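Results of the structural survey
Below are the chains, spelled out letter by letter.
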Amino acid sequence: MNRKYRISSGVLVVFILIISLLSGCKGGKKPAEENVTVTVAPNAEVLQDIKQAEKIFNALPSPLESAMLIKSAGARFDEHLLNPVSNQNNYVTSKAMALNLGIYTCDLSFASLYEQTQLLIDYMNAAKKMADGLGILKAIQQEDIDKLEANINNTEVIMDVVSQTFMNSNSELEDMGRTAVASTVLVGGWIEGLYISTQLVDMNDFNGNKLVGRIIDQKLSIDILLNLLKGSKGDPSVDELIVQVSKLKAVFDKFKITSGPVRPEYDKTSNTTVLKSEVKTDMTPEIFKELSSVVAEIRNSFIM
Amino acid sequence: MRLLKIIPILAFFVFAYSGSANAQCKAFAKKECLPELGPFQHDGNYHAAVLVEGEEAELYKTFYSNMEYRVAIVGEDKLPAIEFKILDSEKNVLYTNKDKDFAKTWDFKLQSSQQLKLVVKVSSFNKPGDTPASGCVAIMFGFKIKK
């Protein structure tokens with residue numbers, strides 16, 4: 001009996017070691033659940049592809065890209081739309097810290113692109129507090145903040161620090177297997193970008209407004225964002241987010257985006273391929289107002 | 001009882017090894033893939049995984065109109081060439097690096113925002129009997145900052 005016990009312990013040791021070696025390869029069967037980020041698949045065929053493939057990366061726009069999309073649409077900077085850094089002490093639960101890590105990173109990116117130097121440092125400190133609270137101490141370090149301060153007028157360095165800290169937060173959470181938290185950070189950043197954009201739209205200048213166009217584009221992301229969250233279904237804080245994002249999806253579902261064929265054209269001089277296509281949408285000011293209202297309601301619940 | 005002592009120790013090693021492999025892949029992505037973005041600003045997203053010869057991975061992402069993008073896809077030296085192609089939502093191939101001597105990067109911009117699919121495949125050394133090579137493959141995106 002004793003001998004049998006020793007043998008089975010040995011087998012167990014070998015078995016677990018093999019499993020551990022395989023699990024280190026991060027290319028498991030459910031990579032979609034391992035990634036913080038999410039994709040955009042507007043049609044059923046693409047969604048089917050996602051279910052069938054074994055190694056999937058899903059990519060939502062990062063907070064830095066969201067901020068860039070707002071700026072490139074010609075929007076102005078409005079500090080009052082950001083989540084005040086004075087709120088940072090209110091966030092004590094893991095969910096609140098994760099959501100506001102995403103939110104502060106988006107605000108930080110927004111401040112960076114508009115060269116709001118003091119705000120930039122304040123928001124980096126707020127994001128660090130959230131990251132530290134989540135136990136991802138290496139994500140944003142004091143030396144990153146020192147580097148920002150030393151290069152406060154150097155946009156290139158600032159952007160690099162911002163993108164690197166976001167990458168560190170993502171990957172640290174992935175390394176720790178904290179998928180639900182990683183998804184929550186992403187939701188926070190994405191909602192904040194959508195909130196800022198919707199608040200900046202002047203309804204007297206609705207038709208042909210570039211910022212409205214950017215907001216319409218976010219319809220492409222909503223299904224996959226939901227799928228990402230569903231990967232952590234059962235986690236009470238994620239279940240709450242699923243309810244909120246589903247409400248938002250119901251509004252996005254009220255309008256359509258129709259795209260023509262995509263034609264690649266290579267531009268030799270710039271060594272760049274231009275993907276040409278035309279899209280149409282039936283978004284109305286009424287749907288837009290409803291969308292803005294639902295986004296504001298969700299975002300305000302995050303920053304309370 | 002002895003078993004009860006072993007399990008936590010093994011669990012620690014499982015967790016530590018898994019984290020270490022991920023960390024190595026992250027270090028590779030930062031060192032080898034990030035520089036390939038050149039003048040394009042890295043968006044901050046991180047996608048990397050260990051792939052085996054012949055294995056495929058897919059990535060879905062929305063790209064926005066009037067933005068200039070670069071995608072960089074880099075595999076560890078021990079891997080054979082990394083092939084990638086870009087498809088639209090109707091599965092039409094818009095680009096493949098196979099026609100460009102397995103180039104690691106592709107620069108593009110869009111007239112209208114589109115959701116695109118990237119298919120990354122590790123080609124094969126075609127040496128039957130050998131253990132298939134495996135290594136980290138990283139995918140990163142950059143965009144041009146507009147002043």
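Calculation criteria
Every chain is numbered independently, its residues counted from 1 as its sequence is written. Here every chain gets a letter starting at A, and every ligand a number starting at 1, in the order they are written. Per-residue local features are limited, in this predicted model, to residues with pLDDT of at least 70; the limit for side-chain atom pairs, both in listing and counting, is 80 or more; totals at the level of whole chains, interfaces and linings are taken over all residues. To sort residues by exposure, count the other C-beta atoms lying within 10 Å of each residue's C-beta; 20 or more gives buried, 12 or fewer gives exposed, and values between give partly exposed, all with C-beta atoms placed from the backbone. Numbering of helices and strands starts at the N terminus; helices are DSSP runs of H or I of at least 4 residues and strands are runs of E of at least 2. Here, residue contact means that the backbone-derived C-beta atoms of the two residues sit within 7 Å. Criterion used throughout: strands pair if DSSP finds at least two bridges between them. One less than the number of residues in a helix, times 1.5 Å, gives the span that helix is expected to have.

1. A closer look at helix α4 (residues 63-72) of chain A
- Where burial is concerned, most of α4(A) is hidden: nine out of the 10 residues are buried.
- Regarding α4(A), the residues found buried are Pro63(A), Leu64(A), Glu65(A), Ser66(A), Ala67(A), Met68(A), Leu69(A), Ile70(A) and Ser72(A).
- Those residues of α4(A) that are buried lie in contact with α5 (94-113), α8 (155-175), α9 (179-200) and α10 (210-217) of chain A together with β9 (134-143) of chain B.
- Looking one or two residues beyond α4(A), the residue adopting positive phi is Gly74(A), at roughly 85°.

2. Topic: the environment of Tyr46(B)
- Topologically, Tyr46(B) is positioned in the loop between β1 (41-42) and β2 (47-52).
- Separated by 16 residues in the primary sequence, Tyr46(B) and Lys30(B) place their C-alpha atoms 9.3 Å from one another.
- If sequence neighbours within four positions are ignored, Tyr46(B) has contacts with Met167(A), Asn170(A), Ser171(A), Lys26(B) and Ala29(B).

3. Brief notes about the pairing of strand β5 (residues 82-87) of chain B
Residue and element names in this part refer to chain B.
- Where burial is concerned, the two faces of β5 differ: the one with Ile82, Phe84 and Ile86 is buried and the one with Glu83, Lys85 and Leu87 is not.
- Examined bridge by bridge, β5 and strand β8 (residues 114-122) share six bridges and lie antiparallel to one another. Residue pairing for β8: Ile86 is matched across the bridge by Leu118.
- Looking at chain direction, β5 and strand β6 (residues 93-96) are connected through three bridges and run antiparallel. By the bridge assignment, Lys85 is partnered in β6 with Thr96.
- Counted along the chain from β5 to the antiparallel partner β6, the turn is five residues long, and its residue Lys91 has a positive phi close to 70°.

4. A word on the environment of Leu241(A)
All names here are of chain A.
- Note on placement: Leu241 falls in helix α12 (residues 236-252).
- On the basis of neighbour counts, which here come to 24 C-beta atoms within 10 Å, the residue Leu241 falls in the buried class.
- Taking the C-alpha atoms as reference points, Leu241 and Lys230, 11 residues apart in sequence, are found 9.7 Å from one another.
- Among residues more than four places away in sequence, those in contact with Leu241 are Thr184, Val187 and Leu229.

5. A word on α9(A)
- Between the first and last C-alpha of α9(A) there are 32 Å, a value that for 22 residues agrees with the 32 Å anticipated at 1.5 Å per step.
- Counting buried residues in α9(A) gives 20 out of 22 residues, a clear majority hidden from the surface.

Keep in mind that these numbers describe shape and distance, not what the molecule does.
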